[in-house]
Amino acid sequence: MGTLEPPHQPGALRSSLPAPPTRRFVVREAKTRELRPCAQLLAGSLLGEPWQPKIYGILSFVVEISLVQRMMQGAFDEGRSATKNYQLLLVEHADHGGRMPLAMCELQKRGDLLHLSSVMVRPSFRRLGLARQLLRKARRIARRWRCQAIQLDVDEENLPALRLYKSMGFRQHGWTPVCQLELEALLKAKPSERYRL
């Protein structure tokens, strides 16, 4: 191991100390066995902090059943039509794959639209570009599935999400019909804006 050079000499602040580890993340389709950790991420995000363990456990269980149902419906529809129409994406750390999802989102084809929902990032991993990576992957999938546009719903008070979506080209496209509100909006009893790309 070398030594640090004094700041006044050329090459100052160069060191043989190891470089900090790089953060590499992978976006991929979730496997069935990963539905529980995805449901836990989603339930924790819906409840916010602090949450009671009993309520978290119940909500996590309900969300997991809902994810299983949507995944099974997507597989059933795929078998009937030979085209995929549902995918659960997750982001994991490249060096710690499969341990826990750091971020996730759901993609569902509705006619010629790709509907993006449940975009969640673990609080300690926010502001690292994980949601942006999910959106880029969603764009590629939308092209592969021959969708004309990507649509998503967002809480009008979620300013970081609104900034991200607008920076990626999404524009407001009205309000979400009540019958299509996601669980988060229903729990908060707040309207949700609809955006399209």
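Our subject is the structure listed above.
Read on for an overview of the structure. (Residues numbered from 1 in each chain as written. Predicted model: local features only at pLDDT ≥ 70, side-chain atom pairs only at ≥ 80, totals over all residues. Heavy atoms only, no water.)

### Quick notes on the nonpolar core
Worth spelling out the cut-off: By nonpolar core is meant a set of buried Ala, Val, Leu, Ile, Met, Phe, Trp, Tyr and Cys residues that side-chain atoms within 4.5 Å join together. Residue burial is assigned from relative accessible area. The probe radius is 1.4 Å, only protein chains are included, and a residue is buried under 20% of its type maximum, exposed over 50%, and partly exposed in between. Each helix is a run of DSSP H or I of at least 4 residues and each strand a run of E of at least 2, with the numbering of both proceeding from the N terminus. In this analysis, two residues are considered to be in contact whenever any of their non-hydrogen atoms come within 4.5 Å of each other.
Of all hydrophobic cores here, the largest spans 31 residues; its most connected members are Leu107, Leu114, Leu116, Leu130, Tyr165 and Phe170. Of all the elements in the fold, those that place two or more residues in this core are strand 1 (25-29), strand 2 (86-93), strand 3 (103-110), strand 4 (113-121), helix 3 (130-144), strand 5 (149-155) and helix 4 (159-167). Counting residues per element, this core draws most heavily on helix 3, which supplies 7 residues. Those residues within four positions of leucine 130 in sequence are excluded, and the remaining contacts are Phe25, Val91, Leu102, Ala103, Val121 and Phe125.

### Notes on the pairing of strand 5
Note the cut-off: If DSSP finds at least two bridges between two strands, the strands pair.
The buried count for strand 5 comes to 7 of 7 residues, which makes it a mostly enclosed element. Pairing geometry for strand 4 and strand 5, over 4 bridges, is parallel. Counted as the bridge partner of leucine 114 is isoleucine 150 from strand 5.

### With respect to helix 4
Condition: Directions pointing from the helix axis toward each C-beta atom define the arc.
Three or more residues of helix 4 are buried, namely Ala161, Leu162, Leu164 and Tyr165. Considered in projection along helix 4, the buried side chains sweep an arc of 165 degrees and stay on one side of the axis.

### Things to note about the environment of glycine 74
Examined against the element boundaries, glycine 74 turns out to sit in helix 2 (residues 53-81). Of the residues examined, glycine 74 reaches a relative accessible area of 6% and is grouped as buried. A sequence separation of 12 residues divides glycine 74 from tyrosine 86, and the C-alpha atoms of the two residues are 5.0 Å apart. Leaving out residues up to four positions away in the same chain, glycine 74 has contacts with Asn85 and Tyr86.

### Re a positive patch on the surface
Put simply, the test is: Two joining distances apply to patches: 9 Å for like charges and 5 Å for nonpolar side chains (Val, Leu, Ile, Met, Phe, Trp, Tyr), and every residue must have over 30% relative accessible area and no salt bridge. Note on areas: these come from Shrake-Rupley sampling with a 1.4 Å probe, and a residue is covered only by the protein chains present in the view. Salt bridges are defined by distance alone: a side-chain nitrogen of Lys or Arg within 4 Å of a carboxyl oxygen of Asp or Glu. Positive charges come from Lys and Arg, negative ones from Asp and Glu, while His and the chain ends are left out of the count. Think of each charge as sitting on NZ of Lys, CZ of Arg, CG of Asp or CD of Glu.
A surface patch of like charges, here positive, comprises Arg136, Arg140, Arg143 and Arg144. Inspection of the secondary structure assignment puts arginine 140 in helix 3. On the basis of relative accessible area, arginine 140 is assigned to the partly exposed category, the value being 43%.

### Considering helix 1 (residues 35-47)
Selection rule: Helix span is expected to be 1.5 Å times the residue number reduced by one.
Taking 1.5 Å of rise per residue, 13 residues should cover 18 Å, and helix 1 covers 18 Å from first to last C-alpha, within 8% of that figure. Two residues or fewer after helix 1 comes glycine 48, characterised by a positive phi angle close to 70 degrees.

### Side note on the packing of helix 3 against helix 4
Threshold: In this analysis, axes come from line fits to C-alpha atoms, helices being fitted only over the stretch in contact, and the angle between any two N-to-C directions falls in the range 0 to 180 degrees. When describing relative orientation, an angle under 35 degrees is termed roughly parallel and one over 145 degrees roughly antiparallel, while 65 to 115 degrees is termed roughly perpendicular and anything else oblique. Should the near helix be turned anticlockwise from the far one by less than a right angle, the crossing is termed left-handed; should it be turned clockwise, right-handed. In this count, Pro and Cys sit with the nonpolar residues alongside Ala, Val, Leu, Ile, Met, Phe, Trp and Tyr, while Asp, Glu, Lys and Arg are called charged and the others, Gly among them, polar.
One can describe the packing of helix 3 onto helix 4 by two numbers: an axis separation of 11 Å at closest approach and a directional angle of 40 degrees. Looking at the two axes, helix 3 sits oblique to helix 4. The chirality of how helix 3 crosses helix 4 is right-handed. Residues Ala131, Arg132 and Leu135 of helix 3 form the contact with helix 4, whose participating residues are Leu164, Tyr165 and Ser167. Grouping the amino acids of the contact of helix 3 with helix 4 by side-chain chemistry returns 4 nonpolar, 1 polar and 1 charged.

### Overview of the pattern of salt bridges
Evaluated as defined, the whole model comprises 4 salt bridges. A salt bridge links glutamate 106 to arginine 70; the nearest nitrogen and oxygen atoms lie 2.6 Å apart. Here arginine 70 lies in helix 2 and glutamate 106 lies in strand 3, a separation of 36 residues in the sequence. What makes glutamate 106 buried here is its relative accessible area of 3%. Residue classification places arginine 70 among the partly exposed positions, given a relative accessible area of 24%. Because the salt bridges share partners, they merge into one network encompassing Arg28, Glu34 and Glu92.

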